[in-house]
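Survey of secondary and tertiary structure
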Protein chains: 2
Amino acid sequence: MLKVPQHQVAGHEAGIGKLGPLVDESGRFYKPLQGDERGANEVAFYSSLSTNSGIPEHIQRFFPTFYGTQLVEASDGSGLLPHLVLEDLALGHVNPSIMDIKIGSRTWAPEASEKYIQKCLKKDRESSSLSLGFRISGLQIYRSKELGFWKPGKKAAQKLSTEEVKLVLRRFVSSNTLNDLDLRPDCAFASTVYGGSTGILSQLLELKAWFEDQTIFHLYSCSILVIFEKELALKGKNPGAHIKLIDFAHVYEGQGVIDHNFLGGLCSLIKFISDILTAPSDCRIDISAKADQKNLTADNGVVADHKSHTASE
Amino acid sequence: MLKVPQHQVAGHEAGIGKLGPLVDESGRFYKPLQGDERGANEVAFYSSLSTNSGIPEHIQRFFPTFYGTQLVEASDGSGLLPHLVLEDLALGHVNPSIMDIKIGSRTWAPEASEKYIQKCLKKDRESSSLSLGFRISGLQIYRSKELGFWKPGKKAAQKLSTEEVKLVLRRFVSSNTLNDLDLRPDCAFASTVYGGSTGILSQLLELKAWFEDQTIFHLYSCSILVIFEKELALKGKNPGAHIKLIDFAHVYEGQGVIDHNFLGGLCSLIKFISDILTAPSDCRIDISAKADQKNLTADNGVVADHKSHTASE
């Protein structure tokens, strides 16, 4: 029985009349194949992944497992449609905190059509992509059983200013997110989530080392998903912090050149995360940060306030 | 007595009715101040350089020494004009091989005017900037006393394809550049110019480490100049290979974000140079490389063939 994923933070959402991804109970994620060349591109990319000798094993783990394509009943009720079958990244998680970070100051390839370039360029300029080299496409931060998730609107997330992004990256690993108006994230979980030899920073640095060398792929409009389980961190257990690369509809051949666009954005994100680890208490909150709060809640007028739920529900 | 520099490979050239830089015999380089905010920007940048505590000493050496501004007789005969007074980077060189490499896939800042952005974007897309993260703005390679320099046209240099750039970066450190149609650069000086603990690669890596961390400046349309003296290399002496950053008319404040655009392009250049050192003999020359030759000589119909000259002439 396929159902709508409960922890989607970005991308098209399934619903009545809306085409979006689905999940089953065995841990598979069904992503509708885009009808144009984007769908074909993504299938080709995933198909080549496991056999591509240019991707070392320690990098392969950053990609979701691919189980081929399958015709399934589309979420919008339009009948059988081909879907990519992938690993459900939320499987095994109870209340995952998740960020979807689209990497690169440019989400379009030089080879793309003029129309597509202009459309993306506009979005890159209006979002933080151009200035920061990445944009937060969406996120959810677990607060508590009572309050559920803090989940700002997607549009608001994408347009965060530099100071706002810094704030969100801190809030993501803080314990004091119960009240949306907490202005000083305590970064209580920074060292266990971002830090350490297996933490997020360490994983990002592994990815960076690969991107400094690999000339096989250029990944445009691809995201890094950052996931961890805050309740485990609260209990002093390993919160399972990890990253995954997703969205490969705009992958191009590298043709002997590194993906300097992805790498630049990745280095920018790494610098932000490093700074949090270096100075977790150094959170400059001023008037502009108060304005953030407005931005972060302004998307639909309210902060999404999903009740806590568990994977077994 | 001011005169036209003999080793300029990019930028506006001084001449009859043409405004360009001048040099004197004491080793100073006079760059006409652009009348608009670009001139003011560049003065402000150079003025802040030596006192900026955010730039460590080992990085300061990559910038030309700045001696203030001065009114001097302009090269185009238009009378006294304000000039930036800088260190003449060709001073002490007899027959320097020089590359001017404009770094960044984007030569414009997000804050720039719409008109300027569109103009630059067009140039970035038409040149190798967008694909490689940098473009060779100009170069001269010393061949011999008889043949002088190999100096392809600036327009041709900027539009080199990936394979052509690889070829030029190899030819730059090769001894067999006597004949323009040599298709297999021998990379005879790769290890002494690019390699070693004080070579070009090592200097680029120092710069990279700084750019991974510094959030003070964003340098748009800035170039790395690569210089060495081939005759010294031929004699088995230290060829004095070094890099300098030049052109700061489009410097913006970093505002807490790394210069991911510059860093990405720099990493791309570093990968190309590393590959030459790893496999100096691995020069894939095929039909497209033969086409290069056409491109590289097509700018003015002929390859520039300046006679050798010395600094004391």
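Since the model is a prediction, treat every value here as computed from it, not as a measurement. Every residue gets a number counted from 1 within its own chain, in the order that chain's sequence is written. Note on labels: chains are lettered from A, ligands numbered from 1, in written order. Only residues with pLDDT of at least 70 are given local features in this predicted model, and only at 80 or more are side-chain atom pairs given and counted; all residues enter the totals for whole chains, interfaces and linings. Heavy atoms from the whole structure form the basis of all side-chain values; hydrogens and water molecules are not counted.

Our next topic: the interface of chain A and chain B. Each partner contributes residues to the interface: chain A has 32 residues there, and chain B has 32 residues. Taken together, the two surfaces of chain A and chain B that pack against each other cover about 2,300 Å², and 58% of this comes from carbon and sulfur. Here the quantity called buried area is the total loss of accessible area, with a 1.4 Å probe, experienced by two parts when brought into contact, counted for both. Three residues, R125, H260 and K271 of chain A, lead the burial of chain A against chain B; their summed loss comes to 23% of the area buried on that side. Salt bridges, as used here, are contacts in which a Lys or Arg side-chain nitrogen is within 4 Å of a carboxyl oxygen on Asp or Glu. Linking chain A with chain B are six salt bridges. One salt bridge connects R125 of chain A with E114 of chain B, and the closest N-O pair in it is separated by 2.9 Å. Among the elements of the structure, α3 (114–126), α4 (129–132), α6 (162–171) and α10 (260–278) of chain A are those that each provide at least two residues to the side of chain A that touches chain B. Working definition: helices are DSSP H or I runs of at least four residues, strands are E runs of at least two. Numbering for both runs from the N terminus. Per element, the largest residue contribution to the side of chain A that touches chain B is eight residues, and it comes from α10 of chain A. Residues that form the side of chain A that touches chain B fall into these classes: eleven nonpolar, 13 polar and eight charged. Only heavy atoms enter the contact rule, under which two residues are in contact if any of them lie within 4.5 Å. Just so you know the grouping, Ala, Val, Leu, Ile, Met, Phe, Trp, Tyr, Cys and Pro go in nonpolar, Asp, Glu, Lys and Arg go in charged, and all remaining residues, Gly too, go in polar.

What follows deals with the pairing of strand β6 (residues 134–144) of chain A. Here is the key point about a regular strand: its side chains alternate between the two faces of the sheet. Residues and elements named next belong to chain A. Only protein chains enter the accessibility calculation, which uses a 1.4 Å probe; a residue whose area is less than 20% of its type maximum is buried, one above 50% is exposed, and one in between is partly exposed. The buried fraction of β6 is high, at eleven of eleven residues. Following DSSP output, two strands are said to pair if at least two bridges run between them. Where strand β5 (residues 96–103) and β6 come together, six bridges link them in antiparallel fashion. The residue bridging K102 from the neighbouring strand is R135, located in β6. Where β6 meets strand β7 (residues 148–150), three bridges bridge the pair, whose relative direction is antiparallel. Counterpart to I141 in the pairing with β7 is W150. Hairpin connection from β6 to β7: three residues lie between these consecutive antiparallel strands.

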